[in-house]
Amino acid sequence: MSITFYCPDSLDDDVTCNFANGNALDVLRLIGKFNEDDPYYGEWDVDDLPSVQRSIMKALNVDKQRAYLVRPQQTDRRVIYQGNTDKQTIGRLVALQYLVAYAAKHRYKVVYS
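Cut-offs and rules
- Residues numbered from 1 in each chain as written.
- Predicted model: local features only at pLDDT ≥ 70, side-chain atom pairs only at ≥ 80, totals over all residues.
- Heavy atoms only, no water.
- Helix = DSSP H or I, 4+ residues; strand = E, 2+ residues; numbered from the N terminus.
- Buried < 20%, exposed > 50% of the residue type's maximum accessible area, 1.4 Å probe, protein only.
- Polar contact = N/O pair within 3.5 Å; in protein donor to acceptor, adjacent residues only side chain to side chain.
- Contact = heavy atoms within 4.5 Å.
- Disulfide = S-S within 2.5 Å.
- Axes fitted to C-alpha atoms, helices over the stretch in contact; angles between N-to-C directions.
- Parallel < 35°, antiparallel > 145°, perpendicular 65-115°, else oblique.
- Nonpolar A, V, L, I, M, F, W, Y, C, P; charged D, E, K, R; others polar.
- Pairing = 2+ DSSP bridges.

(A) Highlighting the side chain of Ser10. Counting through the fold element by element, Ser10 comes out in the loop between strand S1 (2-6) and strand S2 (16-20). Judged by its relative accessible area of 10%, Ser10 falls in the buried class. In this structure the side chain of Ser10 is engaged in a polar contact, spanning 3.0 Å, whose partner is the backbone nitrogen of Asp12. Among residues more than four places away in sequence, those in contact with Ser10 are Tyr102 and Tyr108.

Printed below as a string of structure tokens:
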């Protein structure tokens with residue numbers, strides 16, 4: 001399962017971010033935009049985007065803020081949990097930052113589901 005971040009009003013289908021559920025929820029928690037009522041769905045209106053951008057920039061610039069997301073790969077008999085590196089978290093944040101900047105420039109809301 002995955003969560004996709006996108007701008008429903010955009011005609012450009014290439015401007016999306018798609019993360020595995022756990023990775024998406026980690027990023028949402030990290031930037032403080034996690035929705036407890038329904039963590040798998042949310043919207044950021046145009047007026048929310050500057051706050052989202054600031055939160056992403058802070059997460060990108062403060063290593064300690066991301067440290068808890070680093071997890072080693074684990075194996076449980078037949079299942080392999082890939083883990084997570086700081087580099088992967090930064091990559092997700094940069095991708096989301098690009099999407100949010102695009103949305104702000106064009107005055108689109110961002111939806112994730």
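So, next bit.
(B) Representation of the state of the cysteines in the model. Under the criterion given, the structure shown has zero disulfides. For the unlinked cysteine Cys7, the closest cysteine sulfur is that of Cys17, found at 9.2 Å. Take Cys7: its relative accessible area is 6%, and that puts it in the buried class.

(C) Geometry of the packing of helix H1 (residues 21-30) against helix H4 (residues 86-106). With their axes 11 Å apart at the nearest point, H1 and H4 run at an angle of 75° to one another. When the interaxial angle is binned, H1 and H4 end up roughly perpendicular. From H1, Asn23, Val27 and Leu30 reach across to H4, where they touch Thr89, Arg92, Leu93 and Leu96. Looking at side-chain class alone, the contact of H1 with H4 contains four nonpolar, two polar and one charged residues.

(D) Quick peek at the sheet that holds S2. Within the open sheet, the four strands sit side by side as S2-S1-S6-S3. Their pairing is antiparallel. Only two strands of the sheet have a single partner each, and these edge strands are S2 and strand S3 (42-44). For this sheet the average axis-to-axis angle between neighbouring strands, irrespective of direction, equals 15°. Pairing between S1 and S2: five bridges, direction antiparallel.

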